[in-house]
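# Structural overview
Below, each chain spelled out in residue letters.
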Amino acid sequence: MAQCAQSAREFIQNSFGPMVAVLCSHDAEVIAQKNNLTFVEMARPFCRLTTEAHIRDPQGQVNSIRNMRIILNDMNSQPPSSAIVRKMLNDVVGSIHPNAEASKSIITAGNYNLQLSSSTPWFEAYREHFLQVTLPSEHEFIRHFIACMLVVSSNHADPIDQFSKLNQQQHQLQHSSGINNPKWLCPNIFKYYILLHDNTEGEEEKAEAVYQSMKSTYGSHACHLLRINSRSLQAAEVASIGNEYTANMPDPWSQFMTNNSVDTGPDQVEMDISPNVDSGGFPDKVTEADPEHMNDPTQPGEPFPEDDDSPNGPMPDTNPSHPLSQPNDVVSHPLAVGHEANESQTIITEDNMDATDGNNKDIVLNKLVGVHGACLTLSDHDRLRIFIHEFVVRGLLPYIEKMIRTLSEQLASRKGISRSFISATKNWFGGKRNSDKANKTQVDMGGKYLRESPELQMRRLGDLAFLVQMYELAYTSFHTAKRDFNNDHAYMHCAGALEMAATSAFMVGSFNKVYPSHYMDSAVSMYAHTCKKPSFATRAILLSTETLKARGMYGEAAMEFIRMTGEDSDLRSALFLEQGAHCFINMKTPMARKYAFHMILAGHRYSKAGQRKHALRCYCQALQVYKGKGWILSEDHINFTIGRQSFNLKQLENASAAFKHLLTYDSRQPAVQQAAFLREYLFVFQQQMTIAAQEGKPLEPNLPQLPLPIINKVATKVLLANAEQPTLPDNKIAATSVSFDQLYDSAENDKWFELEEMVVKVANKSALSTLRPSQKLLHSRTNNSQRPVAVIREPITVELVLTNPLKVPLMLCDLSLLWRFTPLDYEKVNNETPEKPPTVISNENICMNIANEMIRSQIIPEFELKANEIKAVQLSLTPESTGELSIMGIVYSLSAPLQSSSTVPPSTNMEITDSPSLKHSKKTGSSTVSVRGRQDVDVQGPRLNGTLMEKRIMTYGPDRRLDPIIAPPMPLLEACFADFPYSLLCGEIGQTILEVSNKGDYSLHKLYIASKQPQCFAFRSPNNTDIQSGPLYRTIPLGDREDVDEHVVNVQNLSCVVEVPLLNGLLKPGCSASIPMWIRGPEKAGIHDVDILFYYESTEENFKLRHRVLRHSAVINTTHSLCLKATATRGHIPEHNQGNQSLVVSLQGENMNQVHDRNITEFSLEQVTCVSKTWALEHIATKDKQEFKISGGESVICCLKAQHCKQICTSDSNQVVFTDGVLGKEKIVSYESPCSDFFFRSKFKLKEIEPPPQEFSRTSNNTKSMSVKQSLEGALEVDLTLLVLWKAFVVDETGVSHKYVGQHHVTMTMLDQQISTIPTAQRMVEQKAVRFLKDIDINKSDEPSSTVMIQLIKCSLQHPDHKDHDFTKKRLCTVPATLHLCNCTDKTLAIQVDTDTAPDNTPSMDTSSGYYVTPKPPNSSDFVWVRQVSQQLELSGNSSHQIHLLACFSKAGVFNLSNINVNVTRKSLGLEGEPVEQKKLLPSVITVSQTTNN
């Protein structure tokens, strides 16, 4: 919040004070110049009264005067021209700048926190100097001389005569009519006679005698003997050498000497005697030994500004007769010449002075020049104060008191006669009409008053009263005068009276009256518009705004400042706009946006006025409001202007920072403007680095930071491998590994980690205590808390996402990664010396050649980013040594788009030189500026949210994806697949070759493959590479088949991890191996992803990296082939071979390809193999070797019989039996690879989904019930798998016929349960109605399922299928039937057989056969059982029983004899409940025919 150093009352008092002219003789000036000061300069610091003075008003009341200031000016000085005044004011403002260490205040205005300077000294200096250089005018007397000091030295030959001459000179100058002559308050001014005495060189008796003569002549109140220079020249010289003067003596002149450049002349010591002065007593010309150093404020030792723009030559508009118009006549310093004591006056020239004395005086001059008051002591300072005090109190104030009394008496006597008569005459003769007309035209019609006119006398009275602080009298006088001036249309006088009346009202200090601000408004309007006097309007604004701010009316003050802004003065407009902005921010409710807007306007006007520093400061202040608040275009304008102004002021760092802000976000500027911004930034940045290179002070220890392009640091990816895939023939595909294009899936990533954990357990025979998953691709979603491990001499690729926010293209040249590397030898850990820190190597310094030997960096010559383009770039590094690597960012050369010939860079006089960080290329008709720099990529880690403190404070964890550890050499596996079958039929077996090669430096071993789909592939021995020749399966002719069809094969261990067979178990560096491989298509049609993880280890121990992995994802597209459905049921019970059970296996094959699919012609079932521990297929012979071919849309059903194996394998044994059922012309050896391999691998899924064993209660009841349940369920289990081998005949689009082979596996575990290779949609189970009553919880978990309970007894009915009978002879026909019952369990069962139970009329479906059975009506007498209709029996475990029945028929027809119910009581099983009805018999039909006798 800017505040002035002075209050409003102090400012007004200092601005207006009694003006006193000073006329000095030449000898007096010589004495004063011993102190390097003129007489006016010497007395000026003491011109303020330090004590209270008193004066009486016209009524005789005593008024106190405090802090009265006397303004001394040389009478012979001439006012400078308007051009010089403008230059002086401009220099004053330009020489004062805010101190960086100055106190600043923080203003909170809404959402803005503004840091503002506490003061504006440049405005105060402008205001002070503006009031000093304002020329006195005829319409006021406040700046007219009221008194004159006549100064003569006591060394003069005749001081009294010299006083007389000076008096005459003053009188002549006062009463002449020159335009530039001084103006006087009245003809008879107060004159004060001063005898100046030099205490070291003057004669005391002579001075005292002359002083007494002066008092008798002029009076004691108008005379003063001033004694100065109490210190001798030699003492001053000694003090200047020892710096005693500056240390012990005050310097009250320093604050006034800075005003030399704008003073009106009295401070200029260049003066000469007037031509009217007698030349007999003074030389015609006085010169000094070193004239160029005379009164030079820029000499060393003087703390003044370097630039002194004060006019030292003749003024273009001065009077030629004035002494200042003679530039060749100068006044010398008295110490620069030698003179004899017995000579009163001599002509001093370089020709007649003594050489020795002249040299001594020159030495003293050189030592004392620039030191003010060297010959003055503290006593002399007190004498000067006493001199001013006596002048004011004894001389000036009584004179002013007398004048005020006289003027008051004169005005009082004239007020009732003259002025009232004249006013009445004017009103009578139409003065009012003329006044209205004048007000409309606003033309100054007055100003022709005589000096003794009552109007001017009233104005003179008001000015005198104002000068001596009689503000009430002054206000009354001004108020009276302004009405008279207004009536006379003297608007210049009226404006002055209004201005001073408002000021006097403020100075009265009474707040009972409302401040007449409208007086000041009218005064400003009259000055500016009517009278065309902008200087007086400016003065009125300065006074008005101070009074308004003192009363807290900041809004009105701001409006006053703004109204005086115009095109006539850019400097004044800039200052006033800035002050108006500060008024807005000082309001009760600060207006931040208005403050910023007017600061921008002020900065613009400062720039037009040539005040670049102030313009820069204003724009920087305004930026605080607009920055980050959405004012994008305004912020662009401010930053661009700040950059330009900073560049012009050689503040290249600030200019570069400002232009940088124009390029770091999405700008709304058009493309042409953005291109200009970019060129400006690059040009300034280039100049900045050029100057730094010339001075040997680089901008930064390393390369500078560049703002473009913008790096999306979060999207940074690191690939610890080569991003480019090797080039292979068309029939080969490399392992996919990992790449930047892969989308991150946490479930997918966990799957790979799980595979790695599984293979590590297998390879190391146990799980590792700390397993760190291998991550080759690191990004924002991976765990980057630990440093990744890379391998020496293997590339590290970094992908960065670059964004061009501009609408113009960007060209990045020589783009590479920026890194820092610390070499460490991990193989010799114990030999390291902790005392010696490791050497850090970096490519930040391009002169370090060793960096390229440690790390080989990829360099992209040109990388173009189009307008608003987001593009990824991949850069790689290849370390050549072990250690710790840190990737810090990128380094590149940024180029601007080509500029047209009309675009000119900012003007500068600095030469562009070559530098390692600069490139300046020239093309035809264009010039491209390229700057070498860097951008850091410091990736922020994830936010921590584990503890309460981390939740409260935003804490982020480490992200070390860019800090890899370079490990010692390791083997590097590369894998590819030759002729990989991407498209297969379901169950089809294809062939491929896996080619693995070691590109590393060490040998690899323990090569494993881990996959969640091991059923899809199998390996052959690496020695047998003849995979492409011969059939896929080994076949045997049918005629040569062996007698024994059962082949016992050991069960293969099923696992997700498979060891890849290698020759001698290892793969040496640079070697490769080809491994035959079979691929089987999954049995479900569609697209399948088969994930394969290669695991391998190095033969050499590596502490940093124990193993490595390689990922591969294969995509296999399978299409429908065959749908196989199989059901195993118990066979019929043999009559004489009880207990020897058999199975009837029903196999149905359906071609899933439709008729319109022309690519598939037909399938052929070649062989059915049974794999089981218990069951074996019997030989199947087809009639005439008929093949089982299935065309599109067709199906075939075949029934197979299974008997118990001859070589029964126990359930605990690790063996199975293969028995073949050949359907084709040749027998396929199914117990060999790959048929047996895929069979065993197909069991892997089943093994995974086996439910875990249930925990049972230890109570006896539960143990008994579970044993019953297990026993009953075990009776229905069937461990039998059908391995169906088939061929497919395919015709492709080109008409070429192909033959493919494959196999399906149908595993049956339960009797009478249909198994399909293609899962069928299950019927939706109807939900029971919601009941709100709690059901009784009946624990049935210990009871076998209903499916098991209805199959405890195997029933079969044996009877003839045809019976002939003559019902005409015998009415009833009886047919015997035998019911075979077989207990399928090892428990003794109580059985109830009921043949008399009539079934209901509802057709029922036999779930086993699929046939609908329609029973007879219950009262039908066509068929009935007549023997053993109902009986009960017990059947021991695994035994059979026969019941002989007799069926009786009453007529011919077809009858179903299967309506027999067989129930098993639950009590026989130790269970409770009703008897369980067993599974119904299969339909058993008999035909009864009517026979006729011929």
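Criteria and thresholds
- Residues numbered from 1 in each chain as written.
- Predicted model: local features only at pLDDT ≥ 70, side-chain atom pairs only at ≥ 80, totals over all residues.
- Heavy atoms only, no water.
- Salt bridge = Lys/Arg side-chain N within 4 Å of Asp/Glu carboxyl O.
- Buried < 20%, exposed > 50% of the residue type's maximum accessible area, 1.4 Å probe, protein only.
- Helix = DSSP H or I, 4+ residues; strand = E, 2+ residues; numbered from the N terminus.
- Contact = heavy atoms within 4.5 Å.
- Polar contact = N/O pair within 3.5 Å; in protein donor to acceptor, adjacent residues only side chain to side chain.
- Pairing = 2+ DSSP bridges.
- Axes fitted to C-alpha atoms, helices over the stretch in contact; angles between N-to-C directions.
- Phe/Tyr/Trp six-rings, centres within 6.5 Å; stacked < 30°, edge-to-face > 60°.
- Lys NZ or Arg CZ within 6 Å of the ring centre and 35° of its normal.
- Parallel < 35°, antiparallel > 145°, perpendicular 65-115°, else oblique.
- Left-handed = near helix turned anticlockwise from the far one by under 90°.
- Nonpolar A, V, L, I, M, F, W, Y, C, P; charged D, E, K, R; others polar.
- Core = buried A, V, L, I, M, F, W, Y, C linked by side-chain atoms within 4.5 Å.
- Disulfide = S-S within 2.5 Å.
- pLDDT = per-residue confidence, 0-100.

## Some details on the pattern of salt bridges
- Applying the stated criterion across every chain, the model contains 44 salt bridges.
- In this structure, Asp 568 and Arg 572 form a salt bridge, with 2.6 Å as the shortest nitrogen-oxygen distance.
- Given a relative accessible area of 6%, Arg 572 falls into the buried group.
- Here Arg 644 and Glu 680 are joined by a salt bridge, their closest N and O atoms 2.4 Å apart. Of this pair, Arg 644 sits in helix α23 (residues 632–648) while Glu 680 is found in helix α25 (residues 671–695), placing the two residues 36 residues apart along the sequence.
- You can call Arg 644 partly exposed: its relative accessible area is 31%.
- Overlapping salt bridges bring together Glu 140, Arg 459, Asp 463, Glu 499 and Arg 539 as one network.

## Let's talk about the environment of His 1005
- Along the chain, His 1005 falls in strand β28 (residues 1004–1010).
- C-alpha of His 1005 to C-alpha of Tyr 1095: the two residues are 90 residues apart in sequence and 9.3 Å apart in space.
- If sequence neighbours within four positions are ignored, His 1005 has contacts with Gly 1065, Leu 1066, Tyr 1096, Glu 1097, Ser 1098 and Thr 1099.
- Of the polar contacts made by the side chain of His 1005, one reaches the backbone oxygen of Ser 1098; its length is 3.4 Å.

## As for the side chain of His 1107
- By the element assignment, His 1107 lies in strand β36 (residues 1107–1119).
- Looking at His 1107, the relative accessible area reads 9%, which means it is buried.
- A distance of 2.9 Å separates a polar atom in the side chain of His 1107 from a polar atom in the side chain of Glu 756.
- If sequence neighbours within four positions are ignored, His 1107 has contacts with Glu 756, Val 760, Leu 771, Ser 774, Met 970, Tyr 1095, Tyr 1096 and Glu 1097.

## Things to note about the sheet that holds strand β8 (residues 190–198)
- Taken together, the 5 strands give an open sheet; going across it, the order is β4-β1-β7-β8-β9, and neighbouring strands pair in parallel fashion. Whereas interior strands pair on both sides, the edge strands pair on one side only; in this sheet they are β4 (71–74) and β9 (223–228). This sheet shows a mean twist of 30 degrees between the axes of neighbouring strands, independent of strand direction.
- Here 4 bridges tie strand β1 (residues 19–24) to β4, and the two strands are oriented parallel to one another. Following the sheet pairing, Val 20 is matched in β4 by Leu 72.

## Brief notes about helix α1 (residues 8–15)
- Within α1, 6 of the 8 residues are buried, leaving the element largely enclosed by the surrounding structure.
- When we look at burial in α1, the residues that qualify are Ala 8, Phe 11, Ile 12, Gln 13, Asn 14 and Ser 15.
- If you follow the buried residues of α1, they end up packed against α5 (121–133), α14 (454–467), α15 (471–487), α16 (491–508) and α18 (534–550).

## Considering the packing of aromatic side chains
- Across all of its chains, the model carries 35 aromatic pairs by this definition.
- Relative to Phe 1449, the ring of Phe 1423 lies with its centre 5.2 Å away and its plane at 20 degrees, an arrangement referred to as stacked. Separated by 26 residues along the polypeptide, Phe 1423 in strand β54 (residues 1423–1425) and Phe 1449 in strand β56 (residues 1440–1449) bring together distant segments of the chain. You'll find Phe 1423 and Phe 1449 in the same group, each marked buried.
- Put simply, the rings of Phe 39, Phe 190, Tyr 192, Phe 387, Phe 391 and Tyr 399 touch in pairs and so form one group of aromatic residues.
- Taking the ring centre of Tyr 112 as reference, the NZ or CZ of Lys 629 above it sits at 5.2 Å.

## What to know about the packing of α14 against α15
- Here α14 crosses α15 at 155 degrees, and the two axes come no closer than 8 Å. One finds that α14 runs roughly antiparallel with respect to α15. Judged by the twist between their axes, the crossing of α14 over α15 is left-handed. Listed contacts from α15 to Glu 455, Leu 456, Met 458, Arg 459, Leu 461, Gly 462, Asp 463, Ala 465 and Phe 466 of α14 are Tyr 471, Leu 473, Ala 474, Ser 477, Phe 478, Thr 480, Ala 481, Asp 484 and Phe 485.
- The class makeup of the residues in the contact of α14 with α15 is 11 nonpolar, 3 polar and 4 charged.

## Quick look at the nonpolar core
- Grouped together as the largest cluster of nonpolar side chains are 168 residues, with contacts concentrated most on Phe 39, Met 149, Phe 391 and Phe 466.
- Here this core gets 13 residues from one element, more than from any other, and that element is helix α12 (residues 378–428).
- The next biggest cluster of nonpolar side chains, apart from the first, holds 66 residues, and it includes Ala 1126, Ala 1128, Met 1308 and Ile 1443.

## With respect to the side chain of Ser 15
- Tracing the backbone shows Ser 15 in helix α1.
- The class for Ser 15 is buried, based on a relative accessible area of 9%.
- Contact partners of Ser 15, with chain neighbours within four places excluded, come to Leu 131 and Arg 143.

## What to know about the sheet that holds strand β47 (residues 1315–1316)
- Spatial strand order, β40-β42-β38-β37-β47: 5 strands in an open sheet with antiparallel pairing. At either end of the open sheet lies a strand with only one pairing partner, and these are β40 (1175–1177) and β47.
- Of the pairings in the sheet, the one linking strand β37 (residues 1122–1130) to β47 comprises 2 bridges and is antiparallel in character. Paired with Ala 1126 across the two strands is Ile 1315, which belongs to β47.

## So, the pairing of strand β27 (residues 989–998)
- Here β27 lies mainly inside the structure; 8 of its 10 residues are buried.
- Where strand β25 (residues 973–978) meets β27, 6 bridges bridge the pair, whose relative direction is antiparallel. Bridging from a neighbouring strand, Glu 974 pairs with Ser 997 of β27.
- Direction of pairing for β27 relative to strand β34 (residues 1072–1080): antiparallel, over a ladder of 9 bridges. Within β34, the position partnered with Glu 995 by the bridge is Ser 1074.

## Remarks on the state of the cysteines
- Counted under the stated rule, the structure contains 0 disulfides.
- Here Cys 531 stays unpaired: no disulfide links it, and the sulfur of Cys 494, its closest cysteine neighbor, is 8.9 Å away.

## Overview of the environment of Ser 154
- When you line up the elements, Ser 154 lands in the loop between β7 (145–153) and α6 (159–174).
- Under the relative-accessibility criterion, Ser 154 is labelled buried at 2%.
- Sequence separation between Ser 154 and Glu 203 is 49 residues; the distance between their C-alpha atoms is 7.6 Å.
- Ser 154 has contacts with Leu 195, Leu 196, His 197, Asp 198, Lys 206 and Ala 207, leaving out every residue within four places of it along the chain.
- Polar side-chain contacts of Ser 154 include one of 2.9 Å to the side chain of His 197.

## Quick notes on the confidence of the model for the protein chain
- On average, residues of the protein chain carry a pLDDT of 78, and 77% of them reach 70 or more.
- Scored below 50 in pLDDT, residues 259–368 shows 166 contacts in the model against residues more than four places distant or in partner chains.
- Low pLDDT, under 50, characterises residues 424–441; the predicted model gives this stretch 10 contacts beyond four residues in sequence or across chains.

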